[in-house]
Every structure is written in structure tokens, then in C-alpha cells.
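# Notes for the structure review
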Amino acid sequence: MKKLFASVLLSVLLISNYGNAYAYDDIPNDSEYFYAIEYLRRNDVFQDTKNFNPDIIISKAEFIKYLVLLNSPKYSPVENVKLPYEDTSDNGWYAPYFAEAIKLGIISDRELKMEPYKKLTLIDALQLVFQSQSIPIPKVYKGDIPYLDAKRNETFAPLIMRALSFGLIEPQKTDYVGMYRRVTRAEAARIIYKMDLVNLTPASKPEAESFDLYLQKIISSWEIINSGYINRDDISQSELSDAAISAMVDVLNDPYSAYLDPAQNSAFSDDLDGEIEGIGAFIGINENNQIAIIAPIKNSPAEIAGILPGDIITKVDGVDLTDKTLYEAVNLIKGPRGSTVKLTIKRNGGNKVVEVVRDVITIDSMDYETISNNQIMYVDLDQFNQNAPSEFGDIVDIIQNSREIKGLIIDVRDNPGGLLDSAIGILNYLLKPGAESVTIQYNYFKYAQFSTGKGELSDFPIVILVNENSASASEILAGALQDFGLAKVIGVRSFGKGSVQEVNYFIDNSSLKLTVAKWLTPLKQDIEENGIVPDIKVVDVASTKTDEQLERAIVELKKMF
């Protein structure tokens, strides 16, 4: 049962993957409005309902309510308000929100009428969002106005041009903004979201008039290449696009951010789905930045072909891996069932070519067994993929239906992590209902995730094993249990990966994996580079057959019976 090698998967990260859990059934993750609506939902502007109904034309009153809730997160409606407008009712549902909007400067108490049920127009929405952020509404615009409807209305033209420069809106046509069109719920969410980001952007950002100059530089370069390059007919638009995005991500110098082309993205998604077609081995980067075998999966084609832990892969079907990324290497190694791949490997200073026949590989998220006279359930949790919460739920059922099992050991040694939702799903069985699981800190806001389960094992004796390769979602699990005193953590200090990656999918099935946040334990510990410090430090001696960490876990767990 002793673990000798790190189970480093392709998904060595914690992913906040919107592709796996939609906030609303009618807002898919590839919707142009998805992130705006999700942002406002997480800030309690919108409620958690099955459908969002994005195409409904909203009223002025509803829009003002959104602005109030975003600008006053702790606001709750009050009674007995008095509004100064001729066309409003003090008993209307909107009354308390209008009263708060007056205090916030979103609307003025000097107006005669407020038209609460008026269908919101684009001009109405822009005026309100500017006022909500105390940004003066411009009265003058110096420059060329290419939009016919804006040219015809000098009063609102400066507002329209400023909104365009902020990126709040987009013209309907090249020469027509559509400034009097009615606004849908989805469009309203996006306008509020983008204005909130503009307001919170550091002061060092270029002025609105020069906004997106650098983006325009990229666009202009694209156009120059496609129109002026001598061999323009040979240009691959997809390769040009892939190279541009990859170059931008490279500048970030972030090991967890990456652009994945369609093939790489497919390989990445397969690992999280729990089933792949390939050789059946965990592959990673060793201490010398070489692509190496961490460990073959038991009874896999790789193991049968004689692949060993520590083997350095130098070529795949003759392709040199020297300048290849891990994702590129894995993409070359994977392939359809029944096909053969030739791996050139370096072992003990020598080189050899090994042929491996690929097969369908099922990656189980965990194994389990009862030990110590069936008194202890031992769960070897290898990765947090999509199947992990349901598999753990099956183990919980076994524990609850057993009279012999008195304690639980969760082993996340060498577990590199996986999906955020999977970690939270497992914690639903271990934390008391309503307990905080983790806090996610973005650039502009933060929110806490709370246990929504029944906490079936929240009073059950638990020990969790960690080591230097326990990362990301493993640390979320261990950190939450440790903070609440629900489990004793045994082993050595964990890896220390406290960042969150988000996967953004494109229409061609490529994706951008980007670090967008950091996470904190329930007691607000930032474990980045610090890791989870075990309650009991136990070093596993590699030269012995005994698993010293597991043996100590058994001893400590029995004290808790």
C-alpha cells in the first residue's frame, strides 16, 4: 500500500471549470453573456434559479434593483419608504430599492417622474450605470463619430462614444449603434458587469480615449499580415491564431496558464472525464525539466511493455520532445485503441525504443479497502475528476451500513488535484451542513463556497494523509478538515498550490486555461508555496517496505474511536 511515485496527471491544477456546472440551464458556458451573469449571480444580484430568461426586456425598476444590489452587497429592503416621484408607489416592490438608489446617487430625488415600468433603453441603461459609479456623463465629444444614429443626436452622442470606448456596448452595425434599442436581461447584466470592472480597474490603466490601443495593434498586425504578406495564400488562419494566443500566455510566465489547441484540449478533458485512449501512464516533468514517466498504471499497456517509473521520453514516433511542452508530448503519446506508438526512452544513461499498443484506459479516481480487522476504511484518493464525488458517496454508504468500520483514512499523497467542484462535492459528506468549504478570491470580488450536503461523516473519526505532492484540490480537502478540527492531518508539508484556473472554451474546441483567482481555507489561510502543515509530521522512509505514514495514521485513528 506504500506509494513510491507521484501520480502527476496532465491536470496538475485546480480548475474552476464552468463547463461542468452551469449557473442557469438557459445560459451555456459558451454564451457571450455567461461570465457577466455568473459574476452578478455570485455577488447575489441574481438568485439561484433554474432559468435566467436572458431575452426578456427588463424594466427600469428591475435594472435599478440590480445596481443597488451590486453597489450595496449587504442591503436588505426596508419598509415605510417615501418616494418623491409622481408616478411611483411607496408600496411598490421597487420602492425600497429606489430609496437606496437615491442614497447611492444612482437616481436623483429632484426628478418629477421615474417611470419604473418603462422598458429600459440602451440610453437609460448607460445613464444609470455611469451614475452608479459616480462617473460624470460626458456632454462633449471631440472626434469623428462613425455612427449615423449617434451623429443625429448630439445630446447623447458623447455618452455613446464613451460607453463604446469603455467596452460597455457594441454597435449593431458598422455605422449604427442602436442607441434606442430596448435592453434584455442578459444585455443589462453585461453592461453592469463591464462598468463595474471599469470602475475597479487600477488608475494606471490608459484613459478611455486610448482604451484598447494595444488590442487594436494586434488586430492591425493581423490585417497587415493577411493583406500584405507575399505568401499570404499559404497562411493558416488557425495556426496564426494559435500562435498569437500561445505567445500572449507565454508572457504571463505562469506555469498553470496555457493555451490548448483542439487536440491538446481533448487530451486534457479526457483526463478529467476519467477515461482515455493511450498507453496508461502518468507523465510529468522531472527535476531536470524532462518529460518523464512518473508511474505506469497497473496492468496497462505501458506496464506490460516494460515502461518503468523514471524513464525519460526523448522521442515519440521519431519526433524529438526537446522543445515540446507536456501537453504537446501527451498529445503525441495518446492515440486510438489498437494503434502502436514507439517511445524512445532514456534509462540509466542508455537509450532504447519501446513499442506500446494503445488501449482504452479507465482512470479510477480512488481505490478503497477495509484494514486493521475491518475497523478502518482506507480510501486512496488519486485524483479529483468528475466521478470522484459519486464514488466517494458510495464509500460513505458502505461506512454507514457497516457495524465494524469505526474510522476513515483518506490518503491524498501524490494527488495533484483536479476539479474544484469535485473537492467541494467530497467535502459535502465531511463538513457539517452550511460550513464554509473554501473562499475563492478573484481580482474584483471574492465568494465563499459552503457545504450543501448532509455531512454524513462530520462526526466520524478521520485521518488524512498528505505529502509534498499533495496539491490543489487535495489541499482544499485537507485544509477544510484541519481548520474545523474534523480530521487529523499526518505526513509532511503539502505542495502549496493555492491558485485557481479557469478553462475557457472556444468554438473550435480549443481552450484557454488561465489563473484567475486564489483560494483560501475556511480560516483564510493562503497556502500558496506554504502548503498544509500536518498536525503530526511523519516522514516516509523510501528505503523501507513499511509505510511509516500509514502506520502512524492507523495508530492515531484508533485513539479517536
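Report on the accompanying structure. Note that the structure is predicted; figures quoted are calculated from it, not measured.

Reading guide: rules and limits
Residues numbered from 1 in each chain as written. Predicted model: local features only at pLDDT ≥ 70, side-chain atom pairs only at ≥ 80, totals over all residues. Heavy atoms only, no water. Helix = DSSP H or I, 4+ residues; strand = E, 2+ residues; numbered from the N terminus. Buried < 20%, exposed > 50% of the residue type's maximum accessible area, 1.4 Å probe, protein only. Contact = heavy atoms within 4.5 Å. Areas by Shrake-Rupley, 256 points an atom, 1.4 Å probe, with all protein chains shown as cover. Phe/Tyr/Trp six-rings, centres within 6.5 Å; stacked < 30°, edge-to-face > 60°. Lys NZ or Arg CZ within 6 Å of the ring centre and 35° of its normal. Pairing = 2+ DSSP bridges. Core = buried A, V, L, I, M, F, W, Y, C linked by side-chain atoms within 4.5 Å. Salt bridge = Lys/Arg side-chain N within 4 Å of Asp/Glu carboxyl O. Polar contact = N/O pair within 3.5 Å; in protein donor to acceptor, adjacent residues only side chain to side chain. Axes fitted to C-alpha atoms, helices over the stretch in contact; angles between N-to-C directions. Parallel < 35°, antiparallel > 145°, perpendicular 65-115°, else oblique. Left-handed = near helix turned anticlockwise from the far one by under 90°. Nonpolar A, V, L, I, M, F, W, Y, C, P; charged D, E, K, R; others polar.

## A word on the overall build of the chain
- Looking only at helices and strands, the chain features 16 helices and 21 strands.
- Scored against the burial criterion, the 561 residues of the chain give a buried share of 52%.
- Nonlocal contacts in the chain, meaning residues at least 24 apart in sequence, comprise 69% of its contacts between residues at least 6 apart.
- Carbon together with sulfur atoms contributes 49% to the accessible area of the chain, which is approximately 27500 Å² in total.

## Here we look at the packing of aromatic side chains
- Per the counting criterion, the structure on display carries 11 aromatic pairs.
- Ring geometry for Phe-46 and Tyr-66: centres 4.9 Å apart, planes at 85°, overall edge-to-face. With Phe-46 in the loop between helix H1 (34-42) and helix H2 (60-71) and Tyr-66 in helix H2, the pair connects residues that are 20 residues apart, well separated along the chain.
- These aromatic residues form a ring-pair network of at least three members: Tyr-75, Trp-93, Tyr-94, Tyr-97, Phe-98 and Tyr-117.
- The ring of Phe-46 is capped by Arg-185, whose NZ or CZ atom sits 5.8 Å from the centre of that ring.

## What to know about the pairing of strand E8 (residues 340-347)
- Where strand E6 (residues 312-316) and E8 come together, four bridges link them in antiparallel fashion. For Ile-312, the partnering residue across the bridge sits in E8 and is Lys-346.
- Here E8 pairs with strand E9 (residues 350-357) via eight bridges, running antiparallel. Bridge pairing in E9 links Arg-347 to Gly-350.
- Following E8, the chain reverses through two residues before pairing antiparallel with E9; Asn-348 in that reversal takes a positive phi of roughly 55°.

## Some details on the nonpolar core
- Formed by 64 residues in total, the largest nonpolar core has its most connected members in Ile-37, Phe-46, Phe-63, Phe-98, Ile-107, Leu-126 and Ile-169.
- Taken together, the elements giving at least two residues each to this core come down to H1, H2, helix H3 (95-104), helix H4 (122-132), helix H6 (157-166) and helix H7 (185-200).
- For this core, the element with the most residues is H2, which contributes eight residues.
- Beyond its immediate sequence surroundings of up to four residues, Leu-126 is in contact with Leu-159, Ile-160, Ala-163, Leu-168, Ile-169 and Ile-191.

## Describing the pattern of salt bridges
- With the rule as written, the count across this model stands at 15 salt bridges.
- Here Arg-413 ties to Asp-547 by a salt bridge, and the two come within 2.8 Å at their closest N and O atoms. Taken as a pair, Arg-413 in the loop between strand E13 (407-411) and strand E14 (418-419) and Asp-547 in the loop between strand E21 (536-537) and helix H16 (548-558) lie far apart in primary sequence, 134 residues in all. Taken as a pair, Arg-413 and Asp-547 share a single burial class, namely buried.
- Here Lys-524 ties to Glu-436 by a salt bridge, and the two come within 3.0 Å at their closest N and O atoms. You can see Lys-524 sitting in the loop between strand E20 (511-520) and E21 and its partner Glu-436 sitting in strand E15 (residues 436-441), a full 88 residues away along the chain.
- Residue classification places Glu-436 among the buried positions, given a relative accessible area of 13%.
- When salt bridges that share partners are traced, they join Lys-488, Arg-552, Glu-556 and Lys-559 into one network.

## Some remarks on the side chain of Ser-470
- By secondary structure assignment, the location of Ser-470 is in the loop between strand E17 (462-466) and helix H15 (473-483).
- Classification of Ser-470 as buried rests on a relative accessible area of 0%.
- At a separation of 2.7 Å, a polar atom in the side chain of Ser-470 contacts the main-chain carbonyl oxygen of Val-412.
- Dropping the residues within four chain positions of it, Ser-470 is found in contact with Val-412, Arg-413, Asp-414, Asn-415, Glu-475, Ser-494 and Phe-495.

## What about the packing of helix H8 (residues 213-228) against helix H9 (residues 237-252)?
- Running from N to C, H8 and H9 point in directions that differ by 150°, and their axes come no closer than 12 Å. Between H8 and H9, the interaxial angle falls into the category roughly antiparallel. Seen along the crossing, H8 lies across H9 with a hand that is right-handed. Across the interface between the two elements, Ile-218, Trp-222, Ile-225 and Asn-226 of H8 pack against Gln-237, Leu-240, Ser-241 and Met-248 of H9.
- Across the contact of H8 with H9, the residue classes break down as five nonpolar, three polar and no charged.

Remember, this is a structural readout, not a statement about activity or role.
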